[in-house]
2 protein chains.
Amino acid sequence: MQVTLAIDCMGGDHGPSVTVPAARQFLADDAHASILLVGLPASIETQAGALAREFPERVRFIAASEVVEMHDSPAVAMRSKKDSSMRVAIDRVKSGEAQAMISAGNTGALMAIARFVLKTLPGIDRPAIATILPNHDGETYMLDLGANVDCTAEHLLQFGIMGSILVSVLKHKERPSVGLLNIGEEEIKGNEVVKQAGELLRNSGLNFYGNVEGNDIFQGTTDVVVCDGFVGNSVLKASEGLAQFLIRLLREELTRTWYTKLVALLATPALRHFKQRIDHRRYNGAPLLGLRGVVVKSHGSADAFAFTQALQRAAEAARNNLVERIESRISTHMAAEGAFK
Amino acid sequence: MQVTLAIDCMGGDHGPSVTVPAARQFLADDAHASILLVGLPASIETQAGALAREFPERVRFIAASEVVEMHDSPAVAMRSKKDSSMRVAIDRVKSGEAQAMISAGNTGALMAIARFVLKTLPGIDRPAIATILPNHDGETYMLDLGANVDCTAEHLLQFGIMGSILVSVLKHKERPSVGLLNIGEEEIKGNEVVKQAGELLRNSGLNFYGNVEGNDIFQGTTDVVVCDGFVGNSVLKASEGLAQFLIRLLREELTRTWYTKLVALLATPALRHFKQRIDHRRYNGAPLLGLRGVVVKSHGSADAFAFTQALQRAAEAARNNLVERIESRISTHMAAEGAFK
């Protein structure tokens, strides 16, 4: 199915040196996709022209005159940079020229501009950001990872609904299982909000597993893990930190003496395969959920391989009607709520 | 300095088969320590007698008639099992016969009974549980890990004070650095409670570093990381799950073929050293803070080596006046608060 992506080529630590090669790879892999390359003419026009010649009628360059920087506050990005590459790319989703937008830029600014331009779906108070984490047999989708702190039970329910649909869309799974992150499996545990959220999720019609704990994320107990943005962010960053720490220790031990260096050399294929299985680049591309449009956040430090994953994920979400399916599910939920009132 | 520990010999997955050998090792290592072995006569009297003969005048057996099970609710453990080994051991701290108590049993019951028998220190609303996590250059102390959900800013400040004193006591560090777990380093980030806690910590006289994020825990950015019990519990369990997942994957890759098995054999010394550095048994022994007595929780699955670490940590805390130092620091803080009012 045809799909057009609007790419903020300026975002992220590496800008066009990553985003444009990733776009080329994406086009080479996906014959039915087109792209809009949004950026400063001086930075990408030449590359965009070359890409347009390589993939005729599938590439368009769109000029922007500003760039949202990592240190810009959401307010500054929104009010003072109305012609930023991020904003222009989101505008193209709003206008319908593109079906999804991808950026490796400033997360807070991306969320703020996307909310402002695209608006949230009816019934959604707070868009969420979902992240994908590896588990032994596949992937766990955790949300929220964004700035949704002080969530209500209803917010957590909405995260559960949106996460469930995200997994349906990206993994083609009928009824993904949903777990509620808590500090114990028993229903009586946790704070008041989480207890109420458990009640709502149990009565939601979702495939609700019940409470899960932190270790369940990497055991893959459920497809989706729901938590507020503070907890999700803390868990994600602690996990990234722990993985880096363990890999650093392993490297130190394997380079300690000439003997261990030799062993490490012999172990190269096994260690490479190990690293591939946990390669965070494969999990790059965090969808913003609850907006009237597909927006995918790439990690700022993504390389071309990682950014390509985010582009593929965005195309998959757009082709499988992520937004429409969330809208329909939320409106059904609201109608049921209304019927009870 | 002389110290006497009261050991709940019945707690944990393995009971006396772990706790008594650990007690023997502890006594062998520490010539100035005595122990009270608390348990069911049928289960430990013989072993206790043998130990008493091996270490004359340093071992006493104290009979209890009940055992708190892992599935007992705190209420049941407190009201219906007044002669449990857990309760009897805590009673000996209350009476002054022992200076610290250690149990690998049910955490909720331990906290409830300890609070009920020992009481909290003046000014402490909520005792906390601190855990010790490895970082590249040492250890990070994180609290709370217990059931303190829905904390106020004042609670988080108290955790900071208690954590700071814990590190002073166990690591003999003058002014341990304290970080506040948040979703960004900027002061404006986070929910209202965390923002207020940041204010309180900045004005507390502690060596307050500011906000830290999840990855800082394993980078060792600060000696102490403060968070509410929900976040701490989630981060701890996710970290345990991730570490298990990574080690399982590494093992799979190293046992995939005869070649990788051979390499793994050659890598045994390096891999063993790697495992030692992250051996969670070394970090066993989570102090309950804010009580009028030293209580240390061992992991339920601890083996004798791990349980010995918890005993050593309890002895160190008692010898260095953990309780008195927290009491003094909290009362100074309260007096300063009063002066402002």
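All figures in this text were calculated on a predicted structure; none of them were measured in a lab.

*Asks:* Would you mind going over the sheet that holds strand β1 (residues 3-8) of chain B with me for this structure?
*Replies:* Pairing between the strands of a sheet comes from backbone hydrogen bonds, and it takes one of two forms, parallel or antiparallel. All names here are of chain B. Pairing is mixed across the open sheet formed by eleven strands, whose spatial order is β3-β2-β1-β4-β11-β10-β5-β6-β9-β7-β8. Each edge of the open sheet is held by one strand with a lone partner, namely β3 (59-63) and β8 (207-212). Strand-to-strand twist in this sheet, taken as the mean axis angle between neighbours without regard to direction, amounts to 25 degrees. Here β1 pairs with strand β4 (residues 100-103) via three bridges, running parallel. Paired with L5 across the two strands is A100, which belongs to β4. Lying on the sheet, helix α6 (residues 153-171) is in contact with β5 (128-135), β6 (138-143), β7 (177-181), β9 (224-226) and β10 (286-289); it crosses β6 at an angle near 150 degrees. In this fold helix α9 (residues 229-254) packs onto β5, β6 and β7, with an angle of close to 140 degrees to the strand it touches most, β6.

*Asks:* What is the right way to look at the interface of chain A and chain B in this model?
*Replies:* Where interface size is given, it is often the accessible area lost as the parts come together that is meant. Counting from both sides, the interface comprises 53 residues of chain A and, opposite them, 53 residues of chain B. Here chain A packs against chain B, burying approximately 4700 Å² in sum over the two surfaces, 73% of which is carbon and sulfur. Linking chain A with chain B are six salt bridges, by the criterion used here. E252(B) serves as the salt-bridge partner of R277(A), at 3.0 Å between the closest nitrogen and oxygen. Joining chain A to chain B, the criterion identifies 16 residue pairs in polar contact (both at pLDDT 80 or more).

*Asks:* Would you mind showing me how to read the relation of the copies chain A and chain B here?
*Replies:* Rotating chain A by 180 degrees about the axis while translating it 0.0 Å along that axis superimposes it on chain B, leaving an RMSD of 0.0 Å. Viewed as a symmetry operation, the transformation between the two copies matches a two-fold axis. An overlap of 100% is found between the interface residues of chain A and their copies at the interface of chain B, pointing to a shared contact surface.

*Asks:* Teacher, can you tell me more about the side chain of S234(B) here?
*Replies:* Along the chain, S234(B) turns up in helix α9. Of the residues examined, S234(B) reaches a relative accessible area of 0% and is grouped as buried. Among residues more than four places away in sequence, those in contact with S234(B) are L181(A), G214(A), V231(A) and V235(A).

The rules behind the values
Residues numbered from 1 in each chain as written. Chains lettered and ligands numbered in written order. Predicted model: local features only at pLDDT ≥ 70, side-chain atom pairs only at ≥ 80, totals over all residues. Heavy atoms only, no water. Pairing = 2+ DSSP bridges. Helix = DSSP H or I, 4+ residues; strand = E, 2+ residues; numbered from the N terminus. Axes fitted to C-alpha atoms, helices over the stretch in contact; angles between N-to-C directions. Contact = heavy atoms within 4.5 Å. Buried area = accessible area lost by both parts, 1.4 Å probe. Salt bridge = Lys/Arg side-chain N within 4 Å of Asp/Glu carboxyl O. Polar contact = N/O pair within 3.5 Å; in protein donor to acceptor, adjacent residues only side chain to side chain. Least-squares fit on C-alpha atoms with pLDDT ≥ 70 in both. Buried < 20%, exposed > 50% of the residue type's maximum accessible area, 1.4 Å probe, protein only.

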